Amino acid sequence: IFAVAVSDQVPITTGTLFDISDNRLNMVSVDGCRLAMRKEQVKVDGHFYFVVPGKTLSEILKLLNDDDTKVNIHIGRRHIMFQINGYFITSRLLEGQFLDYHSAIPKNHDTEVVVQTRTIIDSIERVSLLIMDRLKSPIRCVIEEDEIKLSCSTPIGRANDQFEVKMEGDPLEIGFNSRFLLDALRNAEGDEIRILFSGQTSPMIVRPKEGNSFLFLVLPVRLKSE
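Residues numbered from 1 in each chain as written. Predicted model: local features only at pLDDT ≥ 70, side-chain atom pairs only at ≥ 80, totals over all residues. Heavy atoms only, no water.

Caption draft 1: Layout of the side chain of Ser123. The residue Ser123 is located in helix H3 (residues 117–127) in this model. On the accessibility criterion, Ser123 (0% relative accessible area) is buried. Beyond its immediate stretch of four places on either side in the chain, Ser123 contacts Leu150, Asp161 and Phe163. (Helix = DSSP H or I, 4+ residues; strand = E, 2+ residues; numbered from the N terminus. Buried < 20%, exposed > 50% of the residue type's maximum accessible area, 1.4 Å probe, protein only. Contact = heavy atoms within 4.5 Å.)

Shown next, in the form of structure tokens:
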């Protein structure tokens, strides 16, 4: 839900795609700057897809008390109904052509790091203390020699932090929006994650250390010279 577009400039992006094929459900949201995908096994025949408004899913989330909550989903041509704990929620489906998310995800990468999820979240939060709505600034990330160095500079000061990682591939310097990356990291499962890079201008990808249950893609921000 965090990656659903807030603006209705492109209406289809204000919802989440449900792409069902071969007993597998891919849920995908995209807002122009980032993409979030979750994969789950389901028992269903056929191949079909539909887009549910993000506002509807936010209401559904309020009714999901725990992981054992059973949800029945009934899908029509233009509407969908969720049955949860005696409640029935009916919503229209969004119409339009959703992003071809398979082609949006880079197939190769030049740099890969494995990092403790809590470690990178805490580091970004510390460096982001100088960033405010009126003092927006990207986080500069330098990856080299099994270490990530983060820095941020605004008119009120400069912040620096660093931490160790397991690194493979080429050294890299890249910029990113701290809020967008934090949204992805806070929704990542597991104590460790993999982050893949394909250069300064290509999206960074957040994956679980093992498996492919989720994927978060965040576009980089162009950096000014020091």
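The discussion continues.
Caption draft 2: Molecular detail of the side chain of Ser91. Mapped onto the secondary structure, Ser91 falls in strand E7 (residues 87–92). One polar contact links Ser91 to Thr56, side chain to side chain, over a distance of 2.8 Å. The residues touching Ser91, leaving out its near neighbours within four places in the chain, are Pro53, Thr56, Arg78, His79 and Ile80. (Polar contact = N/O pair within 3.5 Å; in protein donor to acceptor, adjacent residues only side chain to side chain.)

Caption draft 3: Local environment of a nonpolar patch on the surface. A contiguous nonpolar patch, built from Ile1, Leu61, Leu64, Val71, Ile73 and Ile75 and spanning about 470 Å² of accessible area, is present on the exposed surface. In terms of residue count, strand E5 (residues 71–75) provides more of the nonpolar patch than any other element does, 3 residues in total. Residue placement: Ile75 occurs in strand E5. On the basis of relative accessibility, which here comes to 39%, the residue Ile75 falls in the partly exposed class. (Patch = residues over 30% accessible without salt bridge, like charges linked within 9 Å, V, L, I, M, F, W, Y side chains within 5 Å. Areas by Shrake-Rupley, 256 points an atom, 1.4 Å probe, with all protein chains shown as cover. Salt bridge = Lys/Arg side-chain N within 4 Å of Asp/Glu carboxyl O.)

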